[in-house]
Amino acid sequence: MTLQAKLKVFERAAGPGQFKVVGESDLKTVGIGVFTNPTRVPVKSGDLLGNSLFASVEGLSAIGAFFCVTGDPGVGAIVSTLALEPGRQNPITVTVEPDADGDGYGDETQDKCPTDASAQGTCPAPPPPAAPITLGATALAKKGFVTVALTASAQANVTVAGSVKLGKGSSAKLSGGTQIVAPGTLAKFTVLFPAKLKKALQRLPKSKKLTLALTAGAPGATTTNLTVKVPGQLKSKPRHRRT
């Protein structure tokens, strides 16, 4: 006698005692004893397992399955269970493996690369890390603002910002905004003086200067630091000599 079997995977259907076939394995030859057959049938939580049996002997053949009305229901078919009989059970034990990348191969024995759905053998080597983007910048102070001229080795979303200490614990924030800078081009940022800085410069003698600390930065780029010294605007009072 020759016996062959298929693993069947079922999910509950609408009717009571009815189940829909949602997956099946290839036909495998079985016999007396324990037979292990690797297969790839997707299952999810709540699915039920069954089987179809195919027997042939001396030119005669039969199809059947424990607990099923018909012999070999295909994927999508709806089947109903028979009443359970003492001493009978599904003679199949299934080990379900995780499938983290969803490629249909079990992560424990079938997939050597469970993090990449395009590979089941050894995982491909990761690409080398991208070289950091370098920024080159210069700054020039003018009346009421600073101009920052900037270049980048690769396209980058560059932000220019900074601060200035005004004395006696006071400070002011500076902003030049954000621009997309393409490689091989010169981008210009304008850092306007806030009102707080303008007032401080008006009170500061021309002989003294305030230091503006600016930074140019972008994701994946090295930060460029700039310092600009801005002189005060207060004119010194003329001194009269006595004769």
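So, a few notes on the structure that sits alongside this text. (Residues numbered from 1 in each chain as written. Predicted model: local features only at pLDDT ≥ 70, side-chain atom pairs only at ≥ 80, totals over all residues. Heavy atoms only, no water.)

Our next topic: the pattern of salt bridges. Tallied over the entire structure, the rule returns four salt bridges. Across the pair Glu24 and Lys8 runs a salt bridge whose closest N-O atoms are separated by 2.4 Å. Here Glu24, found in strand S2 (residues 18-24), pairs with Lys8, found in strand S1 (residues 2-12); they are 16 residues apart in sequence, far enough to count as distant. Judged by its relative accessible area of 28%, Glu24 is partly exposed. In this structure Lys8 comes out as buried when scored by relative accessible area, which is 0%. (Salt bridge = Lys/Arg side-chain N within 4 Å of Asp/Glu carboxyl O. Helix = DSSP H or I, 4+ residues; strand = E, 2+ residues; numbered from the N terminus. Buried < 20%, exposed > 50% of the residue type's maximum accessible area, 1.4 Å probe, protein only.)

On to the sheet that holds strand S8 (residues 145-152), then. In space, the three strands of this open sheet follow the order S7-S8-S11, with antiparallel pairing throughout. On the outer flanks of this sheet lie strand S7 (135-142) and strand S11 (187-192), each paired with one strand and no other. Each strand of the sheet is rotated relative to its neighbour by a mean of 20°, with strand direction disregarded. Summarising the sheet, S8 and S11 pair through six bridges and their orientation is antiparallel. Along S11, the bridge assignment pairs Ala149 with Lys188. (Pairing = 2+ DSSP bridges. Axes fitted to C-alpha atoms, helices over the stretch in contact; angles between N-to-C directions.)

As a further point, take the sheet that holds strand S12 (residues 209-217). Strand order in this open sheet of four strands is S10-S9-S12-S13, and the pairing throughout is antiparallel. The strands lining the two open edges of the sheet, one partner per strand, are strand S10 (170-181) and strand S13 (224-231). Mean inter-strand twist for the sheet, computed between neighbouring axes without regard to direction, equals 20°. Sheet topology note: the S12/S13 ladder contains eight bridges and is antiparallel. Considered in S13, the bridge of Ala216 is made with Thr224.

The phi dihedral of Lys168 falls on the positive side, at around 55°, and the residue is not glycine. A residue is classified by how much of its surface remains accessible, and Lys168, at 91% relative accessible area, is exposed.

Residue position: Thr95 is located in the loop between strand S6 (78-80) and S7. Separated by 57 residues in the primary sequence, Thr95 and Pro38 place their C-alpha atoms 9.7 Å from one another.

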